[in-house]
2 protein chains.
Amino acid sequence: MLRLSKLTDYATVILSFMAREKAQVRAAMEISTVTGIALPTVSKILKLLVNADVLISTRGAKGGYVLARMPEEISVAAVISALEGPIALTECSISHQGCEQASGCDILGNWSLINQTIHNALESVTLADLIRPVVVPEEVLIPVSSLYR
Amino acid sequence: MLRLSKLTDYATVILSFMAREKAQVRAAMEISTVTGIALPTVSKILKLLVNADVLISTRGAKGGYVLARMPEEISVAAVISALEGPIALTECSISHQGCEQASGCDILGNWSLINQTIHNALESVTLADLIRPVVVPEEVLIPVSSLYR
DNA sequence: TAATTGAGGACTATTCTAGTCCTATTTAAT
DNA sequence: ATTAAATAGGACTAGAATAGTCCTCAATTA
């Protein structure tokens, strides 16, 4: 199903909450209460987001987490890779080591184009877009196949 | 990592092999030998591809598998969904049942736009593209964020 | 009728994910 | 100073998903 992990899903919920009052410092406990996600899980996610420079943390009493940048500057791609590592559909796209698929792996080059396309797509959507009210576009067609012509 | 399953990866290898001699009927055994993927695994994949109408099978001696359509008409999206079910990043995008994320799930609408975008991307790349020699495009930018403006 | 090949599904083992918990560190308030 | 409130980091467990195998049945050809 080409799925995103549950944690990533939670992360977007958490970040959308935080993006609404962007400059506000929030403790993990508070976020847990508001979102309904269990505290240990929230903590885990927040730590990952700090390591990926999506959030900034301050320790100690009155400490907590804030967005590291404006919502417009935090891409969905950044969030996904914070939680799941590099965005790539195939193992090969990250490291080609240990791939013994001698025959057939000339596919690699083309896969990486697809990966690139998806990465661009995710890179161009930001947190700001996510919390924006939904707009249904008239007609959207993005022909990737045009890349090959 | 937003990854594709290993089986899907194998499927593309198998299909690229088959696309090179598109009208040729191939037995599972032969495909296993050529690709180096174990026979039971190859069989499993082939069956899934038949169920998804990507391949056509004939039983009995001299039986085997052929592409159901021209390589140009078999999209990567079709292959992925054959192996992994519907293409969607989040569970919610498929069924909204059992989602108690009351606060924060207005995100849904926007996620589905992202899903749509990725789906379009995968839909527009075909088997024919995959076996084509790699062409590196000059500059490729597909701003999904434009959907929101 | 025997040999060849796919269909369908059950089953197992391994890997990955989700989720929890513990201990150390930092900061603020008293 | 001391205590309380937070995060950091990492170990650990249980459960779910994936990969992979195998067995029996059905169809086709020679």
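These figures come from a predicted structure and were not determined experimentally.

Definitions and cut-offs
Residues numbered from 1 in each chain as written. Chains lettered and ligands numbered in written order. Predicted model: local features only at pLDDT ≥ 70, side-chain atom pairs only at ≥ 80, totals over all residues. Heavy atoms only, no water. Near = heavy atom within 4 Å. Polar contact = N/O pair within 3.5 Å; in protein donor to acceptor, adjacent residues only side chain to side chain. Nonpolar A, V, L, I, M, F, W, Y, C, P; charged D, E, K, R; others polar. Salt bridge = Lys/Arg side-chain N within 4 Å of Asp/Glu carboxyl O. Buried < 20%, exposed > 50% of the residue type's maximum accessible area, 1.4 Å probe, protein only. Helix = DSSP H or I, 4+ residues; strand = E, 2+ residues; numbered from the N terminus. Expected span 1.5 Å × (residues − 1). Contact = heavy atoms within 4.5 Å.

Engineer: Honestly, the protein's contact with DNA strand D in this entry has me stumped. Any pointers?
Structural biologist: Close to DNA strand D lie 26 residues, the nearest being A:K47, A:S57, A:R59, B:K6 and B:K44. Separating a base nitrogen of DNA strand D from a side-chain N or O atom of A:K47 is a distance of 2.8 Å. Here the residues of the surface near DNA strand D sort into ten nonpolar, nine polar and seven charged.

Engineer: What is the right way to look at the pattern of salt bridges in this model?
Structural biologist: Think of it this way: side chains of opposite charge can pair up when their charged atoms draw near. All names here are of chain A. Scanning all chains against the criterion turns up two salt bridges over all chains. Put simply, E30 and R26 hold a salt bridge, and the shortest N to O gap is 2.8 Å. Overall, the relative accessible area of 31% leaves E30 in the partly exposed class.

Engineer: Teacher, can you tell me more about helix α3 (residues 39-51) of chain B here?
Structural biologist: Turn by turn, an α-helix covers 3.6 residues, leaving residues three or four places apart pointing in a common direction. Residue and element names in this part refer to chain B. Across its 13 residues, α3 extends 18 Å between first and last C-alpha, which sits within 8% of the 18 Å expected from 1.5 Å per residue. Looking at α3, one finds that the buried residues are V42, S43, I45, L46 and L49. Along its buried surface, α3 packs onto α1 (6-20), α2 (28-35), β1 (55-58), β2 (64-67) and α4 (76-84). In the stretch just after α3, D53 is the one whose phi turns positive, near 60 degrees.

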